[in-house]
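# Report on the structure
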Amino acid sequence: MSLDSREFRNALGRFPTGVCVITANPEGHEPFGMTVNSFASVSLDPALVLWSLQNDSECFEAFEKADRYAVNILASDQIAMSNLYAKKGDHTLDKAHYTIGRHGTPLLRGALTSFECDIWARYPGGDHIILVGKVESMQNNAADNPLLFFSGKYRELR
Ligand SMILES: Cc1cc2nc3c(=O)[nH]c(=O)nc-3n(C[C@H](O)[C@H](O)[C@H](O)COP(=O)(O)O)c2cc1C
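Remember, predicted model here, so these are calculated numbers, not experimental data.

## Concerning the sheet that holds strand 3 (residues 32-36)
- Ordered in space as 3-2-6-9-10-5-4, the seven strands form an open sheet in which the pairing is antiparallel. The open sheet is flanked by strand 3 and strand 4 (40-43), the only strands paired with a single partner. Sheet twist, expressed as the average angle between the axes of neighbouring strands with direction ignored, equals 35°.
- Note: strand 4 against strand 5 (residues 48-54), three bridges, orientation antiparallel. The residue bridging Ala40 from the neighbouring strand is Leu50, located in strand 5.

Below, the structure written as structure tokens:
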């Protein structure tokens, strides 16, 4: 069966998701971040999560070098941050936007929750690679209103 790719993309967009910024600071790279909505939970014991990365991303090589990353679940007031780290050309984290977590990864200030993960496995996934992470530490913050994404637009819980 051959699918129209635009139609397929639009149909996938009808699944409402949260928005995350994946952050990392592998050796030889400035701390950087990339906006994703492919985050999902995988396993409770061991504690595993996943997200998928486009093979042609500018960040691909840096994630290949990384042993770990952090998943930062964005709050509803972080649309500007989502747009900033979805921009091609420069994924370097603004110094004012992060702190370093217990496990050594950059954690975004103001995120709902951040998970620090060791990379557990990488699986091929067509034009993406699936990065499974083992959660080593997590931080819940005061914000509790998530940023949502649905049909190509940001949304908020009402
Ligand atoms: C809401 C949202 C969700 C996204 N989800 C993903 C994702 O799950 N995986 C991915 O590789 N890129 C995702 N992107 C695209 C990247 O954030 C970024 O725009 C793209 O990677 C830019 O190209 P570059 O990586 O070559 O700089 C998403 C962008 C937005 C705005």
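## Structural notes on the site of the ligand
- Within the structure, the ligand sits among 17 residues, and Val36, Ser38, Ser57, Glu58 and Ala86 are positioned closest to it.
- Contributing elements (two or more residues each) for the shell around the ligand: strand 3 and strand 5.
- Per element, the largest residue contribution to the shell around the ligand is four residues, and it comes from strand 5.
- Residues of the shell around the ligand, tallied by class, amount to eight nonpolar, seven polar and two charged.

## Re unusual backbone geometry
- Backbone torsion omega between Asp45 and Pro46 reads 5°, so that peptide bond is classified as cis.
- Within the secondary structure, Pro46 is located in the loop between strand 4 and strand 5.
- Phi is positive for Ser151, which is not a glycine, with a value near 50°.
- With respect to the helices and strands, the residue Ser151 is situated in the loop between strand 11 (147-150) and strand 12 (153-156).

## Quick word on the pairing of strand 12
- Bridging between strand 11 and strand 12 involves four bridges; their strand directions are antiparallel. Note on strand 12: the bridge partner recorded for Phe150 is Lys153.
- Turn length for the strand 11-strand 12 hairpin, with the two strands adjacent in sequence and antiparallel, is two residues, and the turn residue Ser151 shows positive phi of about 50°.

## Remarks on the nonpolar core
- Core analysis: the biggest nonpolar cluster contains 32 residues, and Cys20, Val21, Ile22, Val71 and Leu74 have the highest contact counts within it.
- The set of elements that each furnish at least two residues to this core consists of strand 2 (20-24), strand 3, strand 5, strand 6 (68-73), strand 8 (106-108), strand 9 (113-125) and strand 10 (128-140).
- Leave out the neighbours within four places in its chain, and Cys20 touches Val36, Phe39, Val71, Asn72, Ile73 and Leu74.

## Some points on the sheet that holds strand 12
- The antiparallel open sheet is built from three strands, whose spatial order is 1-11-12. Strands with a single pairing partner mark the edges of an open sheet, and in this sheet they are strand 1 (17-18) and strand 12.

## Looking at the environment of Ser76
- Topologically, Ser76 is positioned in the loop between strand 6 and helix 3 (79-84).
- For Ser76, a count of 17 C-beta atoms within 10 Å translates into the label partly exposed.
- C-alpha of Ser76 to C-alpha of Leu147: the two residues are 71 residues apart in sequence and 3.9 Å apart in space.
- With residues up to four places along the chain from it excluded, the contact list for Ser76 reads Asn145, Pro146, Leu147 and Glu156.

What counts, and at which threshold
- Residues numbered from 1 in each chain as written.
- Predicted model: local features only at pLDDT ≥ 70, side-chain atom pairs only at ≥ 80, totals over all residues.
- Pairing = 2+ DSSP bridges.
- Helix = DSSP H or I, 4+ residues; strand = E, 2+ residues; numbered from the N terminus.
- Axes fitted to C-alpha atoms, helices over the stretch in contact; angles between N-to-C directions.
- Near = placed C-beta within 6 Å.
- Nonpolar A, V, L, I, M, F, W, Y, C, P; charged D, E, K, R; others polar.
- Core = buried A, V, L, I, M, F, W, Y, C linked by C-beta atoms within 7 Å.
- Buried ≥ 20, exposed ≤ 12 C-beta atoms within 10 Å, placed from the backbone.
- Contact = placed C-beta atoms within 7 Å.

Honestly, it's all geometry; don't read function into it.
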